[in-house]
Amino acid sequence: MAKKITIAVGKTNYPAPATEKALLKLGRQWRKNARISLRKQGKVNTGKLYNSMKPMVGQNQHSMYVTLTPKVPYWRFVDLGVRGKTSDKFGSQQRKSPFRFGSGKGPKGGLTKAIRGWVERKRFQFKNEAGKFMSYEQTAFAVTRSIWNRGLKPTLFISKTGDRIEKKAKAVLSVAYTSDLAAAIAQSLRGKNRKVTEE
């Protein structure tokens, strides 16, 4: 369960419902934009990545925040791309990726298994020189070899949409935070917390 967002006045923490609501709204907009980005780039296949995104609000000693972390292990590869073994076909954004085929850091055979599943789901088969359809296994091998060499193009479906939301967040959160802070101060002055200074 997500931790409730609070504002500290003195040594007491008070609920910050307006800020929490604003963060969650920003997170939902972020998710909407990320999903649109995936669809436009043709990256919706099984739907696991598309449906795994859930905005979560949180807080630490430095800030209040919202995160959108997909619950599938390969999302960073889709977002940032993967550099190819022999080339970076997709330009500067791909070259910035910390991931690279042939580095030995990923699970062995993971790409081949994923491509084999994709080929079968799409019922996608190449033809050989004789004009006959290749098997799914042969097609998957050819696709895997191509991707291994040229890499994966970055989609930036999380990174780029997150940057846009961050620019919008400042204005939205300043209003919500000001409202919560005023309410927290007012609450701190009620009852036993009230201090009256007489001249």
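Note: the structure precedes this text.
Residues numbered from 1 in each chain as written. Predicted model: local features only at pLDDT ≥ 70, side-chain atom pairs only at ≥ 80, totals over all residues. Heavy atoms only, no water.

The subject of this paragraph is the overall build of the chain. Summing up its helical and strand segments, the chain has seven helices and six strands in all. Of all 199 residues assigned to the chain, the portion counted as buried reaches 30%. In the chain, of all internal contacts separated by at least 6 residues, the share reaching a separation of at least 24 is 59%. If you sum the accessible surface of the chain, you get close to 14,000 Å²; carbon and sulfur atoms cover 53% of it. (Helix = DSSP H or I, 4+ residues; strand = E, 2+ residues; numbered from the N terminus. Buried < 20%, exposed > 50% of the residue type's maximum accessible area, 1.4 Å probe, protein only. Contact = heavy atoms within 4.5 Å. Areas by Shrake-Rupley, 256 points an atom, 1.4 Å probe, with all protein chains shown as cover.)

Let's shift gears to the packing of helix 1 (residues 17-40) against helix 7 (residues 159-188). Between helix 1 and helix 7, whose axes approach to 8 Å, the crossing angle comes to 165 degrees. Judged on the interaxial angle alone, helix 7 and helix 1 are roughly antiparallel. The handedness of the crossing between helix 1 and helix 7 is right-handed. Note on element contacts: helix 7 touches helix 1 through Thr161, Gly162, Ile165, Lys168, Ala169, Val172, Leu173, Ala176, Tyr177 and Asp180, opposite Pro17, Ala18, Thr19, Ala22, Leu23, Leu26, Gln29, Trp30, Asn33, Ala34 and Ser37. Broken down by class, the residue content of the contact of helix 1 with helix 7 amounts to 13 nonpolar, six polar and two charged. (Axes fitted to C-alpha atoms, helices over the stretch in contact; angles between N-to-C directions. Parallel < 35°, antiparallel > 145°, perpendicular 65-115°, else oblique. Left-handed = near helix turned anticlockwise from the far one by under 90°. Nonpolar A, V, L, I, M, F, W, Y, C, P; charged D, E, K, R; others polar.)

In globular proteins that are soluble, nonpolar side chains generally tend to be buried together. Core analysis: the largest hydrophobic core is formed by 15 residues, its most contacted members being Leu38, Leu49, Met53, Phe157 and Ile158. Among the elements of the structure, helix 1, helix 2 (48-51), helix 3 (75-80) and helix 7 are those that each provide at least two residues to this core. Looking at which element gives the most residues to this core, the answer is helix 1, with four residues. Counting residues in hydrophobic clusters, the runner-up holds nine residues, among them Ile7, Val9, Ala16 and Leu23. (Core = buried A, V, L, I, M, F, W, Y, C linked by side-chain atoms within 4.5 Å.)

The side chains of a regular strand alternate between the sheet's two faces. Judged from the five bridges that link them, strand 3 (residues 55-59) and strand 4 (residues 64-68) form a sheet pairing that is antiparallel. Bridging across to strand 4, Pro55 finds its partner in Leu68. The hairpin turn running from strand 3 into strand 4, its antiparallel successor, is four residues long. (Pairing = 2+ DSSP bridges.)

The next subject is the packing of aromatic side chains. Where two aromatic rings form a pair, the distance of their centres and the angle of their planes describe that pair. Counted by the stated rule, this structure contains two aromatic pairs. Considering the side-chain rings of Phe77 and Phe99, the 4.8 Å spacing of their centres and the 90 degrees angle between planes classify their relative orientation as edge-to-face. With Phe77 in helix 3 and Phe99 in the loop between helix 4 (92-95) and helix 5 (110-122), the pair connects residues that are 22 residues apart, well separated along the chain. Residue Phe77 is classed as partly exposed on the basis of its relative accessible area of 34%. A relative accessible area of 23% places Phe99 in the partly exposed class. Ring geometry for Phe101 and Trp148: centres 5.6 Å apart, planes at 25 degrees, overall stacked. With Phe101 in the loop between helix 4 and helix 5 and Trp148 in helix 6 (residues 136-150), this residue pair connects regions lying 47 residues apart in the sequence. Residue Phe101 is classed as buried on the basis of its relative accessible area, which comes to 12%. The ring of Tyr50 has Arg35 lying over it, and the distance from NZ or CZ to the ring centre is 4.9 Å. (Phe/Tyr/Trp six-rings, centres within 6.5 Å; stacked < 30°, edge-to-face > 60°. Lys NZ or Arg CZ within 6 Å of the ring centre and 35° of its normal.)

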